[in-house]
Amino acid sequence: MSSNSAASRKVLTKDEARALIDRDRRSFIKKVIGGVFAGSLLMVLEAGSGELPPAQLPGVRGREYGFADHRFAFVVDINRCIGCGSCCVADKREYNVPDHAYRTWIERYLIAEDGEVFVDSPDGGLHGFKPRTDIDKPIRDGFFVPKLCNMCKDAPCVQVCPVGATFKTPDGFVLIDYERCVGCAYCVQACPYAVRYIHPVLHTADKCTWCYHRVRRGLLPACVNACPTKARKFGDLNDPDSEISKILRSPEIITVLKKEMGTAPNLYYLGARQEVM
Amino acid sequence: MTELIGYVFPNEHHVHWSFMIVLYPYITGLIAGAFIMSSLYHVFNVKALRPVSKFSLVFAFAFWTCCTLPLLNHLGHPERALNMLITPSPTSAMAGFGYIYGSYGILLIMELLLVYRKTLVELYQRSSGALKKVYWLLTLGVPHVTPESEEADKKAIKFLAAIGIPWACFLHGYVGFIFGGVKAVHWWFTPLMPVVFLLSACVSGIAGIILLYILIMKYRGEEPDAACLKSCVKYLWGFFILDLTMELLDVGIHAYLRVEHWHIVEGLLNGPLHTSFWIMQLGVFSLIPFLLLAWMSLADVKPRLLQLSAAVVSVMILIQVILMRWNVVIGGQLISKSGRGYSAFHLEFLGKEGLLAGMIIMALPLVILYFLSKILPLWHSSSEAEA
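What counts and how
- Per chain, residues are indexed from 1 in the order of the written sequence.
- Chains and ligands are labelled by the order in which they are written, letters from A for the one and numbers from 1 for the other.
- Totals for whole chains, interfaces and linings use all residues, but because this is a predicted model, local features are given only for residues with pLDDT of at least 70 and pairs of side-chain atoms are given and counted only at 80 or more.
- Note that water and hydrogens are dropped before the side-chain values are worked out from all heavy atoms of the structure.
- Labels follow the DSSP assignment, with helices taken as runs of H or I lasting at least four residues and strands as runs of E lasting at least two, numbered in each case from the N terminus.
- Exposure is judged per residue with a 1.4 Å probe applied to protein chains only, and the accessible area is read against the type maximum: over 50% gives exposed, under 20% gives buried, and values in between give partly exposed.
- Any two residues having at least one pair of non-hydrogen atoms within 4.5 Å are treated as being in contact.
- All accessible areas in this document rest on Shrake-Rupley with a 1.4 Å probe, and a residue is counted as covered only by the protein chains that are shown.
- The term buried area means the drop in 1.4 Å probe accessible area that two parts suffer when joined, counted for both and summed.
- We count a salt bridge whenever a side-chain nitrogen from Lys or Arg sits within 4 Å of a carboxyl oxygen from Asp or Glu.
- Side-chain atoms alone can form a polar contact between residues adjacent in sequence; in general such a contact is a pair of N or O atoms within 3.5 Å, and within protein one must be able to donate a hydrogen while the other accepts it.
- Gly is placed with the polar residues, together with every amino acid not listed as nonpolar (Ala, Val, Leu, Ile, Met, Phe, Trp, Tyr, Cys and Pro) or charged (Asp, Glu, Lys and Arg).
- The rule for pairing is simple: two strands pair if DSSP sees at least two bridges between them.
- Axes here mean lines fitted to C-alpha atoms, for a helix over just the part in contact, with angles spanning 0 to 180 degrees between N-to-C directions.
- Those domain boundaries reflect an automatic or database domain assignment.
- Like-charged residues within 9 Å of one another, or nonpolar side chains (Val, Leu, Ile, Met, Phe, Trp, Tyr) within 5 Å, are grouped into patches, provided each residue has over 30% relative accessible area and no salt bridge.
- By convention the crossing between two helices is left-handed if the near helix lies anticlockwise of the far one by an angle smaller than a right angle, and right-handed if it lies clockwise.

Visitor: Outline the overall build of chain B, supporting the account with residue identities and numerical values.
Guide: Each helix and strand in chain B was counted, giving 14 helices and two strands. Principal axes of the C-alpha set define a box for chain B whose edges measure 70 × 55 × 35 Å. With 387 residues in all, chain B has 57% of them scored as buried. In chain B, 80% of the contacts between residues at least 6 apart in sequence involve partners at least 24 apart. Here chain B displays about 16,300 Å² of accessible surface, and carbon together with sulfur accounts for 71% of that area.

What follows is the structure in structure tokens.
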């Protein structure tokens, strides 16, 4: 081993050493110039422009979007929700939702031994939940229920909008045209789930969109991405391999909110107790 | 009505349809009621109502001009209001308002011009200057009448008034439908809502006419026509019986059925609305006028006393109707869609949709009525033949 290292060690002459240093210097200067040039380009071209995060919804990117090809649905698994509020934070950041207005919120249900139901949603669950100290009864059950737009198939908000500003897309979304909305709030009255509000700055109706802008780019809604327990699930019912399809075809008990309203929601609940309204 | 009760969904802490939406059905009610009052004379030939037949029309028109003000003040984007006419959504009950309101206005204007036609021609001949031009315009450039044209006008008046009655009913029944058609609000969701709105409209319109008739006559130093006043009071009593019956039936049926949503409504009526509904609307401002109206209609009340009591009853009924509008519009929104609580409403005084704005909007038709009276004589002259 020592003989090998001695063999590889070659004694350089003075000229050879100078030539080697000159070559490295040129190489160094080339690299500096290249780096400066590349850095300048980055100042002109926005870093990462045009690049999207990896696709989360199959069959959306890389082809012309076919409205009739998709049938999106949302499932909330109540048994998984821990009421951390991450979904609400993600939603507020995604849309800069004004204070005291809620595109999505979380409710805490506490059911006492005698059947009395206590529900609260401080700040819509945005900051999580502190233990309730105002109940002096033994509690037999407690759970969290995230709420958001039900994207009804027979949406009362769409029916009552006098100017057609609230409309339904063939792929299962109920959206608002903010340029057309007159701000009459009839839709706010008509929504049985109270997911709508009048935006204090835009002076139009506003509500959860299931992040339509993200979905059209093959991304999951912001709240679904943020949920640490996978309590919020989103997908295409036309894709038989999607988790949503599998859940809705499974023998699990699936419910919708206020079925008696005849709105036929596209938002489904897994594990919702009878107390949930 | 000051604090939240129970659990209210986070977006329900603010009541979106405020005092302006209380005033909107109140004003349309006054219009419809006054028009029906006028039609009782023009179509059904109730001669006793002749003294107020013209006034009722002008009264209806004055309020018609201001009917959209509370709505425009309420809209988040009033500059887009015409979208409802230009690109209406056929599935929306609200989208029909512009057309119903507009067509009713055209009918009202045509009726007014025909009823006043002979008067306008006379005024044109008597006046000079700018006023003469105004009258020329109001006679539609034909400032003369013949016995044949008068006969034709009478037929047209009768025809328009005959169409006007169902149209006025439709206008206000439709306003009730806007509320009754909202299934998400249990306090509104009843097929009786349009009927209750319509009957209360008739009641408020008649009460408004009685009150202003007495006040204006007193101001002019004249005596209101005793027979006319008595007839008005009888009609008011009749419509009030129907109105009150429907209001009580609406609550009574739901209370008796005791389906799930009744328990939520019951909590509203016995909670946040206890004072404004049971004590004020159905108690003080229904029971007392009801008894007074029965007494005035059935007993031989002396003219002076009739005038005083009719004025008092009219004021009370006008309050009763606005209480009913309040309890429906605001009350319905106090019920949380969570089914577990009640929201709160605070009426501002100076806010955009506050009490002051409401008072100004309610005063405007009276100002317009005053100016209209300078052009259109509100009362029949003693020499005028029956139209």
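Visitor: Help me get a handle on the interface of chain B and chain A, residues and values and all.
Guide: Listed by partner, the interface residues are 35 residues for chain B and 49 residues for chain A. Three residues, B:Asn11, B:Lys337 and B:Arg340, lead the burial of chain B against chain A; their summed loss comes to 21% of the area buried on that side. The interface formed by chain B and chain A holds zero salt bridges in total. Connecting chain B to chain A are 28 residue pairs in polar contact (both at pLDDT 80 or more). Its residues assigned to classes, the side of chain B that touches chain A shows 16 nonpolar, 14 polar and five charged.

Visitor: I'd like a description of the sheet that holds strand β2 (residues 105-112) of chain A, backed by residues and values.
Guide: Residues and elements named next belong to chain A. Overall, antiparallel pairing links the three strands, which are arranged β3-β2-β4 in an open sheet. Two strands close off the open sheet at either side, each with one partner strand: β3 (117-120) and β4 (139-147). Within the sheet, the average angular offset between the axes of one strand and its neighbour, ignoring direction, is 20 degrees. Where β2 lies against β3, four bridges are found, and the strand directions are antiparallel. By the bridge assignment for β3, Ile111 is matched with Val117.

Visitor: So, the domain arrangement of chain A: which residues are in play, and what are the values?
Guide: What the domain assignment lists for chain A is domain 1 (2-44) and domain 2 (67-270). Distance from the C-alpha centre of domain 1 of chain A to the C-alpha centre of domain 2 of chain A: 61 Å.

Visitor: Any details on a nonpolar patch on the surface? Residues and values, ideally.
Guide: Residues and elements named next belong to chain B. On the surface, a nonpolar cluster with roughly 890 Å² of combined accessible area is contributed by Phe349, Leu350, Leu356, Met359, Ile360, Leu364, Val367, Tyr370 and Phe371. Assignment of secondary structure puts Leu350 in the loop between β2 (340-342) and α14 (355-375). The class for Leu350 is exposed, based on a relative accessible area of 68%.

Visitor: Would you mind going over the pairing of strand β9 (residues 232-236) of chain A in detail, with residue names and values included?
Guide: The side chains of a regular strand alternate between the sheet's two faces. Residues and elements named next belong to chain A. In terms of residue burial, β9 counts as a mostly covered element, since five of its five residues are buried. Alternating residues of β9 divide into Arg232, Phe234 and Asp236 and Lys233 and Gly235, and every residue in both groups is buried. Relative to β9, strand β1 (residues 72-77) is paired through five bridges, and the arrangement is antiparallel. Residue pairing in the sheet places Val76 in a bridge with Arg232 of β9.

Visitor: So what's going on with the side chain of A:Thr169? Which residues, and what values?
Guide: Structurally, A:Thr169 can be placed in the loop between β5 (166-168) and β6 (174-176). Among residues more than four places away in sequence, those in contact with A:Thr169 are A:Leu175 and A:Tyr212.

Visitor: Describe the environment of A:Asp206, with residues and values.
Guide: All names here are of chain A. Looking at the element boundaries, Asp206 is found in strand β8 (residues 205-206). What Asp206 contacts, discounting residues up to four positions off in sequence, is Arg103, Ile176, Tyr178, Val195, Arg196, Tyr197 and His199. Polar side-chain contacts of Asp206 include one of 3.1 Å to the side chain of Arg103.

Visitor: Tell me about the side chain of A:Glu107, residues and numbers included.
Guide: Mapped onto the elements, A:Glu107 comes out in strand β2. On the accessibility criterion, A:Glu107 (0% relative accessible area) is buried. At 3.4 Å, the side chain of A:Glu107 forms a polar contact with the side chain of A:Tyr109. With residues up to four places along the chain from it excluded, the contact list for A:Glu107 reads A:Val119, A:Asp120, A:Ser121, A:Phe129, A:Phe143, A:Phe144, A:Val145, A:Lys147, B:Tyr7 and B:Phe9.

Visitor: Lay out the sheet that holds β1(A) with the relevant residues and their values.
Guide: Either a parallel or an antiparallel arrangement is found when strands of a sheet pair, and the pairing is made through backbone hydrogen bonds. All names here are of chain A. Here four strands make up an open sheet; going across it, the order is β9-β1-β11-β10 and the pairing mixed. Both edges of this open sheet fall to β9 and β10 (254-255), since each of them pairs with a single strand only. By the bridge criterion, two bridges tie β10 to strand β11 (residues 267-270) in an arrangement that is antiparallel. In the strand pairing of β11, Ile254 is matched with Leu270.

Visitor: Give a detailed account of the packing of helix α9 (residues 193-219) of chain B against helix α13 (residues 303-334) of chain B, specifying residues and quantitative values.
Guide: Residues and elements named next belong to chain B. For the pair α9 and α13, the least separation of the axes is 8 Å and the interaxial angle reads 145 degrees. The crossing of α9 and α13 is left-handed. Across the contact of α9 with α13, the residue classes break down as 17 nonpolar, five polar and three charged.

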